[in-house]
Amino acid sequence: MVNMNVSNSEGVCNNRELIDNSDNSRHSARLTALLHDIMMERERQTTRVFVPEAQDVELIFTPSWPVIFQTAFLNSGPFDSVNGPRDDLLFFVFKKPSLRSKVTLKVFRHNSCKLPDFNDPAIDWEETVYLNLLMQYLVYTVTVAVCTRTGPQELQILKKFSETVYASPNRHRMDSKGKSDEVVYPNLFFSVDNYDEVFSGCVIRDSECLCVELTAYDLSGKIRGVCFLGTIQYESLNKFYNSKAAHKRDRLACSRNLVVRGVTP
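Residues numbered from 1 in each chain as written. Predicted model: local features only at pLDDT ≥ 70, side-chain atom pairs only at ≥ 80, totals over all residues. Heavy atoms only, no water.

In the annotation of an unreviewed UniProt entry, the protein is listed under the name Proteasome alpha subunit and assigned to Fasciola hepatica.

Given below as structure tokens:
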């Protein structure tokens, strides 16, 4: 009986692995289909036909970006599954009235009755497809490593910490006390809310450096890329820390002087 139970439990694990692999394959197929549609649409919009005894004439097509958006994010299967988008929030990018204007974003839930019409000319549907692709079909991981240099082009990793992060077209400024978010699209921010908890053991010493890497991948692992890779030396971090500490001491001293003189800072 014991052997049968062990065998059955192993069978269940194997079945789960097969299911997970199958789901990941379907997710990869949907993402591949979306990328194919994007490439075909871009090629279709830039196709030129050669006319004998005349200059190249650019063909004019009716863009199908709204159709691509609807197929990829509205008709792609249930949310919170590997078969489609990983969230039910949809982001819409509106066209800028002028080059100096700020980008306007609106967010709706998948089942909202206020979803924009797919013929709405005020929406930049191509940018909307790109933004939702980056937000919903990819997983992002930030890795922070403490390294030491062992050669001119070689680094040895002493400690490494990784955390899953989420892309956002908004940011919350850390140098101010305001609570409102600021739209930064077309930039994306990846915030680490529990930084002190995750990276508490990330201590850097003299002659060491801090390396930060942001990677993106799909759930199947077939598509993977590095979005950002940077290194900062201990000397630079120490100089910045001392500068911030000195600025804080100066503000504290100024505040005390004002209080002594009877002036509210």
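**Examining the overall build of the protein**
Condition: The helix and strand labels rest on DSSP assignments: H or I over at least four residues marks a helix, E over at least two residues marks a strand, and numbering proceeds from the N terminus. Exposure classes here rest on a 1.4 Å probe applied to the protein chains alone. A residue is buried below 20% of its type maximum, exposed above 50%, and partly exposed in between. The criterion used for residue contact is that any of the two residues' heavy atoms lie within 4.5 Å. Accessible surface is estimated by sampling points in the Shrake-Rupley manner with a 1.4 Å probe; for residues, cover comes only from the protein chains shown.
Counting its secondary structure elements, the protein contains five helices and twelve strands. Of all 265 residues assigned to the protein, the portion counted as buried reaches 27%. Long-range contacts, defined here as pairs at least 24 residues apart, represent 55% of the contacts in the protein between residues at least 6 apart. Counting every atom, the protein has about 18,600 Å² of accessible surface; 54% of that belongs to carbon and sulfur.

**Concerning the side chain of Gln136**
Definition in use: Throughout this description, a polar contact denotes any pair of N or O atoms lying within 3.5 Å of each other; where both atoms belong to protein, one of them has to be capable of donating a hydrogen while the other can accept it, and for residues adjacent in sequence the pair is counted only when both atoms sit in side chains.
Counting through the fold element by element, Gln136 comes out in helix 3 (residues 125-136). A distance of 2.7 Å separates the side chain of Gln136 from the backbone oxygen of Leu89, its partner in a polar contact.

**Here we look at the packing of helix 2 (residues 65-73) against helix 3**
Stated formally: Working convention: axes come from line fits to C-alpha atoms, limited for helices to the stretch in contact. Angles between N-to-C directions cover 0 to 180 degrees. These descriptions rest on fixed angle ranges, namely under 35 degrees for roughly parallel, over 145 for roughly antiparallel, 65 to 115 for roughly perpendicular, and the rest for oblique. For a crossing to be left-handed, the near helix must be turned anticlockwise from the far one by less than a right angle; the clockwise case is right-handed.
Close contact between helix 2 and helix 3 brings their axes to 8 Å; oriented N to C, the two are set at 25°. Classed by the angle they form, the pair helix 2 and helix 3 counts as roughly parallel. For the pair helix 2 and helix 3, the crossing hand works out as left-handed. Of the residues in helix 3, those in contact with Trp65, Pro66, Ile68, Phe69 and Phe73 of helix 2 are Trp125, Glu126, Thr128, Val129, Tyr130, Asn132 and Leu133.

**Here we look at the environment of Gln156**
As for its position among the elements, Gln156 is in strand 6 (residues 154-165). Overall, Gln156 belongs to the partly exposed group, its relative accessible area being 42%. Taking C-alpha positions, Gln156 is 9.8 Å from Glu208, a pair spaced 52 residues apart along the chain. The residues contacting Gln156, other than those within four sequence positions of it, are Val146, Cys147, Thr148 and Thr150.

**A short note on the pattern of salt bridges**
To keep it simple, the criterion reads: One speaks of a salt bridge when a side-chain nitrogen belonging to Lys or Arg is within 4 Å of a carboxyl oxygen belonging to Asp or Glu.
Taken as a whole, this structure holds three salt bridges when the rule is applied. Here Arg109 ties to Asp88 by a salt bridge, and the two come within 2.9 Å at their closest N and O atoms. Taken together, the positions of Arg109 in strand 4 (residues 104-109) and Asp88 in the loop between helix 2 and strand 3 (89-94) put the pair 21 residues apart, joining distant regions of the chain. The exposure class assigned to Asp88 is partly exposed, which follows from its relative accessible area of 23%. The partner of Glu182 in a salt bridge is Arg171, and the shortest N-O contact between them spans 3.2 Å. Here the residue Glu182 occupies a position in strand 9 (residues 182-183), and Arg171 occupies one in strand 8 (residues 170-171), the gap between them amounting to eleven residues. Here Glu182 falls in the partly exposed class, since its relative accessible area comes to 33%. On the accessibility criterion, Arg171 (24% relative accessible area) is partly exposed.

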